[in-house]
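Here are the chains, one letter per residue:
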Amino acid sequence: MSKSVIQERISQLRQVLKNNDINALIIPSADPHLSEYLPEYWQGRQWLSGFTGSVGTLVVTSDFAGLWADSRYWVQAAAQLEDTGITLQKLQPGSPNHAQWLAENLDVGDSVAIDGNVLSLAEQDRLLDAFDEVADSEEDSIRLITELDLLGEIWQDRPALPMAQLYAHDAQFVSQSAAEKLAEVRAQMQQIGATHHLISSLDDLAWLTNLRGSDVDYNPVFLAHMIITADKATLYIDSAKVGEDIAKLLDDAGISVADYDQVQGALSELTPEDLLLLDPNKVAVGTLNDLGDDIAMIEQIAPSSLLKSVKSKEDIEHVREAMRQDGAALCEFFSEFEARLNKGERLSELDVDSMLIDVRSKQPHYVSPSFPTIAGFNANGALPHYRATEDKFSYLEGDGLLLIDSGAQYQNGTTDITRVVGIGKVNEGQKRDFSLVLKAHIALAKACFPDGIASPLIDAICRAPLWQAQMDYGHGTGHGVGYFLNVHEGPQVIAYAASNPPERAMKVGMISSNEPGLYREGRWGVRIENLVINQPVPTPQETEFGHYLNFETVTLCPIDTRLVNPSLLTQDEIDWLNDYHSHVYNELKDRVEGEALEWLTERTKAI
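Nothing here was measured: the structure is a model prediction, and the numbers come from that model. (Residues numbered from 1 in each chain as written. Predicted model: local features only at pLDDT ≥ 70, side-chain atom pairs only at ≥ 80, totals over all residues. Heavy atoms only, no water.)

> Outline the packing of helix 13 (residues 428-445) against helix 14 (residues 459-468), listing residues and values.
Running from amino to carboxyl end, helix 13 crosses helix 14 at an angle of 155°, the nearest separation of the two axes being 7 Å. Viewed along their axes, helix 13 and helix 14 adopt a mutual orientation that is roughly antiparallel. For the crossing formed where helix 13 meets helix 14, the hand is right-handed. Of the residues in helix 14, those in contact with L436, V437, K439, A440, H441, A443 and L444 of helix 13 are I461, C462, P465 and L466. Partitioning the contact of helix 13 with helix 14 into residue classes produces nine nonpolar, one polar and one charged. (Axes fitted to C-alpha atoms, helices over the stretch in contact; angles between N-to-C directions. Helix = DSSP H or I, 4+ residues; strand = E, 2+ residues; numbered from the N terminus. Parallel < 35°, antiparallel > 145°, perpendicular 65-115°, else oblique. Left-handed = near helix turned anticlockwise from the far one by under 90°. Contact = heavy atoms within 4.5 Å. Nonpolar A, V, L, I, M, F, W, Y, C, P; charged D, E, K, R; others polar.)

As structure tokens, then:
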């Protein structure tokens with residue numbers, strides 16, 4: 001997208017603000033379901049700014065345009081925003097976020113607009129709190145307007161909403177029926193006295209119904225809402241997406257179907273005697289437009305979010321098989337990749353993506369990538385969320401490090417893995433960085449921790465080896481992972497900067513990533529990522545101090561020992577690495593042959 005196009009769009013938007021007597025407009029990265037990955041229809045922030053990162057908030061006033069982003073995106077955002085008139089606002093301690101900036105720079109009585117369809121209930125509260133801090137009185141404050149879609153006035157060629165057909169999650173991989181899941185949700189509703197429960201988060205709906213869709217790239221979900229009562233459940237969805245077979249499955253589960261746009265009307269029928277349960281972080285203000293002011297609400301995480309985070313034993317066994325499939329595909333990829341490089345073939349970061357899709361798509365039950373492949377060579381690898389495009393990519397020429405973060409959606413599991421490959425000659429500084437990140441990865445992989453501990457608290461275990469060397473990284477160490485669902489799933493998050501609400505307790509059956517990294521801007525990046533499952537410690541040394549958990553590493557792919565400086569590892573760490581590679585070899589050796597088997601054998605040799 002040209003810079004002049006962005007400048008013209010900002011200019012047009014400012015005229016719309018003036019015509020509507022609005023002083024500032026907020027354009028977040030969100031949709032009515034508060035999703036991470038968005039249908040094109042809701043990618044307004046990207047359309048207006050040209051910034052392609054998955055997270056960021058744009059603010060436009062009559063004389064200012066700024067985009068707030070965290071450290072994962074600073075380099076990318078600075079490059080994409082250059083000469084657009086939009087300034088990068090770095091989210092970091094000591095700097096105001098967009099709400100604080102608006103409170104500091106607008107006058108009492110000014111109006112801030114944001115489309116209520118992309119504003120969560122929780123974010124609305126945060127904005128109002130920031131505005132109240134500078135208010136002269138309860139009546140005299142910065143006004144928040146949520147009824148207008150001002151961006152829609154200038155976005156003339158806005159893409160249509162997706163219309164992909166729903167399909168059933170393959171029954172052989174489903175361990176619990178939709179009716180049984182609904183019963184569990186209703187039991188929790190009854191415990192807290194809720195008469196109605198509104199669900200807008202797409203992965204919750206896919207999990208609850210045992211259905212999948214293709215409305216959002218990389219995530220097998222569909223656009224819908226659901227309202228559950230003690231004796232009724234209604235899925236609000238475009239009926240054109242629901243074939244006869246899916247309609248029967250829903251009916252068998254006790255779920256009726258209504259039009260997507262009827263959810264507001266259904267909520268308007270609630271009475272003061274009703275009590276509505278919803279997750280304020282996952283329900284948009286616009287969805288509640290017709291809800292009566294006298295309707296009481298319970299605002300907390302949805303029961304389904306907690307239930308789906310704990311995978312059943314049957315689910316976990318399917319995930320292990322998906323990891324074997326993915327591991328075999330990766331052996332095929334790496335053996336071919338290295339062979340082509342050794343022959344002198346000119347490969348690019350884009351080739352990495354296409355090669356990975358090719359080998360994975362040959363595996364049973366493959367559906368799609370689970371997120372856009374990150375293949376970053378040297379300086380590009382220092383951008384945690386880099387993505388090569390046809391307009392901007394690098395060839396794998398010269399010496400350095402190639403960081404590859406990729407994953408797949410299989411009907412029997414979701415994968416996410418990061419490995420680093422040396423291209424040409426690797427210097428000692430790069431080996432040192434790789435070895436220290438490996439130490440951090442091993443520290444968390446070997447950790448034991450109390451059952452129920454808040455997940456952010458274990459982040460320090462992973463970072464300790466890097467902190468000892470006065471190093472760190474700007475992203476979290478781990479995120480939850482869905483079961484043939486979103487690759488980023490809550491509620492657990494392994495990040496010390498995150499809050500510690502009760503729902504972030506670590507429980508048996510949760511799947512998370514273990515992905516420490518190190519990034520030297522303009523030079524190279526290192527990240528090593530495996531997926532791990534919370535399991536009870538198999539042979540406890542003590543029992544009087546409570547129950548303890550550890551991690552089962554389920555990702556199966558060699559870690560490149562050619563990048564390791566063994567002198568920087570302890571014997572325990574070397575033993576872990578050798579044991580891991582022995583396990584990888586034993587799990588995959590009968591699934592590959594020829595050059596892929598030779599590659600696997602060579603890359604899993606003990607050091």
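Structure shown, so let's carry the discussion forward.
> Give me the pairing of strand 2 (residues 57-61): which residues, what numbers.
With five of five residues buried, strand 2 lies mostly within the body of the structure. Residues T57, V59 and T61 of strand 2 are buried on one face, and the alternating residues L58 and V60, pointing to the opposite face, are buried as well. The sheet contact formed by strand 1 (residues 24-27) and strand 2 spans four bridges and is antiparallel. Bridging from a neighbouring strand, I27 pairs with L58 of strand 2. Between strand 2 and strand 3 (residues 65-69), which pair antiparallel one after the other, the connecting turn spans three residues. (Buried < 20%, exposed > 50% of the residue type's maximum accessible area, 1.4 Å probe, protein only. Pairing = 2+ DSSP bridges.)

> I'd like to hear about helix 1 (residues 3-19), residue by residue, with values.
Its 17 residues place the ends of helix 1 25 Å apart at the C-alpha level, agreeing with the 24 Å of an ideal helix rising 1.5 Å per residue. Along helix 1, the positions that sit buried rather than exposed are I6, R9, I10, L13, V16 and L17. Considered in projection along helix 1, the buried side chains sweep an arc of 115° and stay on one side of the axis. Residues K18 and N19 are exposed on helix 1 and point more than 90 degrees away from its buried face. Of the surrounding elements, those touching the buried residues of helix 1 are strand 1, helix 2 (44-49) and strand 2. (Expected span 1.5 Å × (residues − 1). Arc of directions from axis to C-beta.)

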